[in-house]
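Here is what each chain is made of, one letter per residue.
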Amino acid sequence: MGSDKQPVGLLDTLNMEKVRTIFTHTYPYPHEHSRHAVIAVFIGCLFFISSDNMHTLIQKLDSNIKWWSMYACLLGFFYFFSSPFIGKTIKPSYSNFSRWYIGWILVAALYHLPSFQSMGVDMRMNLSLFLTIYISSILFLLVFHIVFIGLWYIGLVARVAGRRPAILTILQNCAVISVACCVFYSHCGNRAIMRQKTYDRKYSGWFTLWNKEERNSWLAKFVRMNEFKDQVCSSWFAPVGSATDYPFLSKWVIYGELTCSGGSCGESADEISPIYSLWATFIGLYIANYVVERSTGWALTHPVSQKEFEKLKKKQMKPDFLDMVPWYSGTSADLFKTVFDLLVSVTVFVGRFDMRMMQAAMSKVEDAAKQDDLLYDQFSEQDELWFDFMADTGDGGNSSYSVARLLAQPSIRIRDSKITLPRANLLFIGGDLAYPNPSAFTYERRLFRPFEYALQPPVWYKEEHIAVNKPELPRGVTTLKQYEGPQCFVIPGNHDWFDGLQTFMRYICHKSWLGGWFMPQKKSYFALQLPKGWWVFGLDLALHCDIDVYQFKFFSELIREKVGESDSVIIMTHEPNWLLDWYWDDVTGQNISHLIRDHLRGRCKLRMAGDLHHYMRHSYVPSEKPVYVQHLLVNGCGGAFLHPTHVFSNFNNLYGTSYESKASYPSFEDSSRIALGNILKFRKKNWQFDFIGGIIYFILVFSMFPQCKLDHILQDDTFSGHITSFLGTVWDAFIYMLGKSYVSSAGAFFLLVTAVTFVPSKVSRKRRLIIGILHVSAHLSAALILMLLLELGVETCIRHNLLATSGYHTLYEWYRSTESEHFPDPTGLRARIEQWTFGLYPACIKYLMSAFDVPEVMAVSRNNICKNGMDSLSRGGAAIYYASVFLYFWVFSTPIVSLVFGSYLYICINWLHIHFDEAFSSLRIANYKSFTRFHINPKGDLEVYTLAVDKVPKEWKLDPSWEGESKLPQNQSHFRKFPSKWRSVSSQQDPVNTVRIVDHFVIEQTVKPEFVASVNGSVAH
């Protein structure tokens, strides 16, 4: 009987999961095999460096301390420039550009400095060899891919192989191949015949513990690193053979360098170059890997293990939230559009055209009490009511979603106080719905998406739907009073008015759902009648900081006809003009004041607003004077960046009534401490400010390049003498700038005008001028110091014959001579390639290498100017000189300009209490978010709870409870126990678990009868 056991073949014994890992890539960029190659190259580089130089590195460092000090300064500047981009992904594009830019400029600088050879790295040879191999590899692989696609087109390869190759993948693989060849050449050379080295070095210390027999062991060879390295080069990476072994390739290979052995040399080297063989091996592996992938379809299907699949699923199961708006970005098109929209709005809409007038003209009913599109009473008959207030959302996705997630919860349990607050029936949003400007993109991504993640809209909802006849009630519901789900009413803020309220009207007044919140609202202002005699007036201030006459007419008539003498009114506006008027020493909102004082006459129990992105509450101080508003509440913590509270700590009066601060979030002490981040984190938070800051500093010193007379600084013997001479030169440069440097003087003047204008208008003109002068002086001093440091570095390199020795194209000329010496070409292969490419091959290499000759170009041009004057350079030569200077000066200046400007903001916000908006928008703080929840209880009192989250999560994951409920029969999301799609990765940081009450107070419904009489007697008409 035969055995049941089947014969096992080779393919059956292989672990196909490992095979797929080797031959395929899970992600399109980078390849797995490329990552492995990078690791191997890095480890090999460390091994060769340590084998050659660890025993002499300390001595060489000591003898070259001057150059290593220059290295430390150079690398320090480059680190501070690149520090904001560490750990970031390839997006945004500016971050990726900065990586390439910093790598290019740094390598170009290191290439011209000495002492790197003490670590076994010849920068010139490695750089030139890398560029040559890199370009050659790209051209070769491009030809291969063109041929491969042609074979696919005519049907000679599998049809699944017709997918185009990824250009980034080709570039990455070519870079890995080039680095590997450079590392090999640095430590093994291009020798065709390896010779055995003899070592006469006497080892001391613990090396003498090894006897002669032990030195023959493998471990002894490892300790004697140089011998071991040579054996690695000669055995593991030995030449593959001579050209005579491969007659067909004899005219298509590069030959190894002839090394004499025993004092005699042959006529020519017949051995194939080990560099060439290594390059050909890598190229062959790439081609074989690519052919196998495309022919079998593995590269198209990406088969992965279950573990990798789960990782990929988790990566995809994350919300696509946008970051906080970079207000100091010099490259953001949104911010330029915001400025343009603001100018247009101020020019066109303020005083000329007002959307509120259009809304009033479209109202068909004159009687305010009968205007259904402005007055809503669906909650007026309820016994009690919960409603929320938030404002200034639509900035960072994490912060906006954190607040929306709390708003959507069926109930919120406060752990510390063991209070449970149910979800509100009604949500009020106090403006500024999306930053930085109103557009379809910002409304959809910054406002609607976080709310839809928190509480999903009904299944029949369509994003493109336009609500013409509101309210568009769900099926089976005939009136608003019958609808049991949460509803939402919104007023616009100043940011919503930047486009004349067009986006707000489209997305708020002509859509029915904000996530799972139903929006019956038709106009930009409204009035809601609530239970127990409570009212909410939502006012639209536009860009005027006041209501228009048509709003005033509507609300005044409503007060006269509908609001009872014992009723209580809550007025909701976007801007808290009681704080802003006090801060700016201004008077705005006169129509609102007239409405409150002469029409409501003490019935306004609460004013609430946003605009300022913090929480503050001021309550009246009891006195004999009439009180028109009992409580003033600001809560703009709905998602936008944080604003300070300590600059408003001294506010205490409105309408002649004294007020005292009852609560602030964050506290005054925390607010002052947070401002310190402008010094420490300004550039990290606002790295796109580099684009503006670097250009400004270069303009300030543009006319002072070059500084030819720096001998007195370098010739001083003492450190104090160097400092004194340096500072004296800075002062002389400043005097020269005022007298002769017209471009720099003009730049300093315009910067001074900008700095003075930048100071808030609340400061007197004299103080504005002083602050502006001090601010510009700090920037100008920093720019002059950086200019002299750069000039001193170039001068030092020139004095030591490191720069300005050969002229332009020094790297290319040096490489051609080295190439002819160490890379024999007896068959004329290079000449044939040059002929076939019509000269493009050497020309590309030449001009690529010239890009790394930037310091040499700068030094040669500087010498010409210092010897013969600026007229000795042509316009093109002058442009090249200043461009080369700018490339390095920009890197040096960007960290400093951010430090100076951040320090200015810190001093202003904490010492002078100005720039509250500028100093905190720079920090882009997503934490300290809050909203206010109100409860009209059965007695008619208004209970007020302000809920806050100190720290906003940055990492989210799919909530399994929500996912489980989503598989059940479809119900509207407000019926779900877990309505929000995402929860924090760490449960300890989830807003639901960290929310706390930062303020709680109660406003009683009852009104003293004598109050009305006293107010009536004090009002003058």
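See the structure above.
I will try to describe carefully the structure that is included in this document. Computed from a predicted structure; not experimentally measured.

1. Quick look at the packing of helix α30 (residues 810–822) against helix α32 (residues 840–850)
Reasoning step 1: Where α30 contacts α32, the axes come no closer than 7 Å and their chain directions differ by 130 degrees. The pairing of α30 with α32 is recorded here as oblique in orientation. For the pair formed by α30 and α32, the contact residues are Leu811, Tyr812, Tyr815 and Arg816 on the first element and Pro842, Ile845, Lys846 and Met849 on the second.
Reasoning step 2: Taken together, the residues of the contact of α30 with α32 sort by class into six nonpolar, no polar and two charged.

2. Description of unusual backbone geometry
Reasoning step 1: In this chain, Lys470 is followed by Pro471 through a cis amide linkage whose omega measures 5 degrees.
Reasoning step 2: With respect to the helices, strands and loops of the structure, Pro471 is situated in the loop between α18 (440–454) and β6 (487–490).
Reasoning step 3: With omega at 0 degrees, the peptide bond leading from Tyr665 into Pro666 counts as cis.
Reasoning step 4: Along the chain, Pro666 falls in the loop between β16 (657–665) and α23 (668–674).
Reasoning step 5: One non-glycine residue with positive phi stands out, namely Asp392, at about 60 degrees.
Reasoning step 6: Mapped onto the elements, Asp392 comes out in the loop between β2 (385–390) and α17 (397–408).

3. With respect to the pairing of β16
Reasoning step 1: Pairing geometry for strand β13 (residues 615–620) and β16, over six bridges, is antiparallel. Directly across from Tyr615, in β16, lies its bridge partner Tyr665.
Reasoning step 2: Here strand β15 (residues 653–654) pairs with β16 via two bridges, running antiparallel. Looking at the pairing, Leu654 lines up with Thr657 of β16.

4. Focus on the side chain of Asp959
Reasoning step 1: For Asp959, the location among the structural elements is in the loop between β19 (956–958) and α36 (960–966).
Reasoning step 2: One buried charged residue, Asp959, remains without a salt bridge, the closest side chain of opposite sign being Arg983 at 4.4 Å.
Reasoning step 3: The contact partners of Asp959, leaving out residues within four places of it in the chain, are Arg405, Ser980, Lys981, Trp982 and Arg983.

So, how was this worked out
- Residues numbered from 1 in each chain as written.
- Predicted model: local features only at pLDDT ≥ 70, side-chain atom pairs only at ≥ 80, totals over all residues.
- Heavy atoms only, no water.
- Axes fitted to C-alpha atoms, helices over the stretch in contact; angles between N-to-C directions.
- Helix = DSSP H or I, 4+ residues; strand = E, 2+ residues; numbered from the N terminus.
- Parallel < 35°, antiparallel > 145°, perpendicular 65-115°, else oblique.
- Contact = heavy atoms within 4.5 Å.
- Nonpolar A, V, L, I, M, F, W, Y, C, P; charged D, E, K, R; others polar.
- Pairing = 2+ DSSP bridges.
- Buried < 20%, exposed > 50% of the residue type's maximum accessible area, 1.4 Å probe, protein only.
- Lys, Arg positive; Asp, Glu negative; His and termini not counted.
- Salt bridge = Lys/Arg side-chain N within 4 Å of Asp/Glu carboxyl O.

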